[in-house]
Amino acid sequence: MSDPRTVAVLGAGSWGSAFARVLGLSTSPESARASEIVMWSRRAEVAEAITERHENPEYLPGITLRVPLAVEARAGARAHVTTQAGTVVHRGGAAASRQDTALRIAADAFLAFNPDPLILFPGAHLALHTEIVAEPGARAIVTESVACHDPAGQDRPFDRLSLNLRIADPAGRILVQERGLIDGAAFAAEASPLGPHRAYGTMVLIGPPEALPAIPFFQAEADAAGCFAGASPLPNGAGLGLRLLAIDGGHLSAGLEAVFRTAFRALSGCEPGRRRK
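Every value quoted in this text rests on a predicted model; they were computed, and no experiment measured them.

What counts and what doesn't
- Residues numbered from 1 in each chain as written.
- Predicted model: local features only at pLDDT ≥ 70, side-chain atom pairs only at ≥ 80, totals over all residues.
- Heavy atoms only, no water.
- Helix = DSSP H or I, 4+ residues; strand = E, 2+ residues; numbered from the N terminus.
- Buried < 20%, exposed > 50% of the residue type's maximum accessible area, 1.4 Å probe, protein only.
- Contact = heavy atoms within 4.5 Å.
- Areas by Shrake-Rupley, 256 points an atom, 1.4 Å probe, with all protein chains shown as cover.
- Core = buried A, V, L, I, M, F, W, Y, C linked by side-chain atoms within 4.5 Å.
- Arc of directions from axis to C-beta.
- Axes fitted to C-alpha atoms, helices over the stretch in contact; angles between N-to-C directions.
- Parallel < 35°, antiparallel > 145°, perpendicular 65-115°, else oblique.
- Left-handed = near helix turned anticlockwise from the far one by under 90°.
- Nonpolar A, V, L, I, M, F, W, Y, C, P; charged D, E, K, R; others polar.

## Points about the overall build of the protein
Secondary structure assignment for the protein yields 5 helices and 17 strands. Relative to its full complement of 277 residues, the protein shows a buried share of 41%. Contacts spanning at least 24 positions in sequence make up 75% of the contacts within the protein whose residues lie at least 6 apart. About 14,300 Å² of surface is accessible on the protein, with carbon and sulfur atoms providing 55% of the total.

Okay, structure coming up:
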């Protein structure tokens, strides 16, 4: 495909479901893959299962049919995208649960994307893929965060967490490419290289250098919220990258919110709106 487009799959049987999954798992650059995949089913119960559980239990049981999130901020747009609460990730099947996020920010546009932390339950295996395409002059704040929790109080760890971040320009030139893998058992162990911290977050700031706050401001905001933070310029002049560690999801959320407000004021010139819960 030369341009992103909606792909319709007629039929939600074994072949249609498998074909839709292959399309959804495409690792091609954003400009060369479908922007939306729509499946048509003649049976209401199958359509309901795919819509609500992202699974076809009759033909592909245990296989997730991914629904990627795509947000585009066009020239002159000002958008703040967030969530109502954290998202719980449970133990899944053999394959990892996968969340794909594609963000595109035009010149003279501002996008703030800060969902609440993902909560990894025992045995959870999650793969996060985030792709950002930013035109020159674009401004953006993008956060990503996770915390682990065992509802039984037994400190059982999640399985694995893989992270993939790519920032590119509209021509497809890669400015930032980052991959990481966190083993749940090592993350939660007493000898963990992260010490007592059990929550992790990142923030990417895209914008002209003169609009980005100085790194010590971010570190002071995070420290005041009980987080351990580090920040550094991103490669190729793409912006700033921040990482935060906290003892739990509550402290991480507080630290990210404090840093986010500072970044929001600097890049948008106003205060962020109150988030309704």
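From this point, the discussion proceeds with the structure in view.
## Remarks on the nonpolar core
I141, M203, L205, F218, L242, L244 and V259 are the most contacted members of the largest nonpolar core, which has 25 residues in total. Within the residue set of this core, elements represented by two or more residues are strand 9 (110-113), strand 12 (139-148), strand 15 (199-206), helix 4 (215-224), strand 16 (228-233), strand 17 (240-246) and helix 5 (249-268). Among the elements that line this core, the one with the most residues is helix 5, at 7 residues. In contact with L242, other than residues within four places in its own chain, are G201, T202, M203, L205, F218, G230, A231 and V259. V71, A106, A140 and V142 belong to the second largest nonpolar core, which has 21 residues in total.

## Quick notes on helix 1 (residues 14-24)
Because each turn of an α-helix spans 3.6 residues, side chains separated by three or four positions end up pointing in the same direction. Taken residue by residue, helix 1 has G16, S17, A20 and G24 as its buried positions. Along the long axis of helix 1, the arc covered by the buried residues comes to 95°, so they all point the same way. Turned more than 90 degrees from where helix 1 packs its buried face, W15 and V22 sit exposed.

## Some details on the environment of L128
Summarising the element assignment, L128 is placed in strand 11 (residues 125-134). Residue L128 is classed as buried on the basis of its relative accessible area of 1%. With 52 residues separating them in the primary sequence, L128 and G180 have C-alpha atoms 9.9 Å apart. Beyond its immediate sequence surroundings of up to four residues, L128 is in contact with Q99, L118, E144, V146, L161, S162, L163 and N164.

## Looking at the packing of helix 4 against helix 5
One can describe the packing of helix 4 onto helix 5 by two numbers: an axis separation of 8 Å at closest approach and a directional angle of 150°. Relative to helix 5, the element helix 4 is oriented roughly antiparallel. For the crossing formed where helix 4 meets helix 5, the hand is right-handed. Across the interface between the two elements, F218, E221 and A222 from helix 4 touch A258, V259, T262, A263 and R265 from helix 5. For the contact of helix 4 with helix 5, a count of residues per class yields 5 nonpolar, 1 polar and 2 charged.

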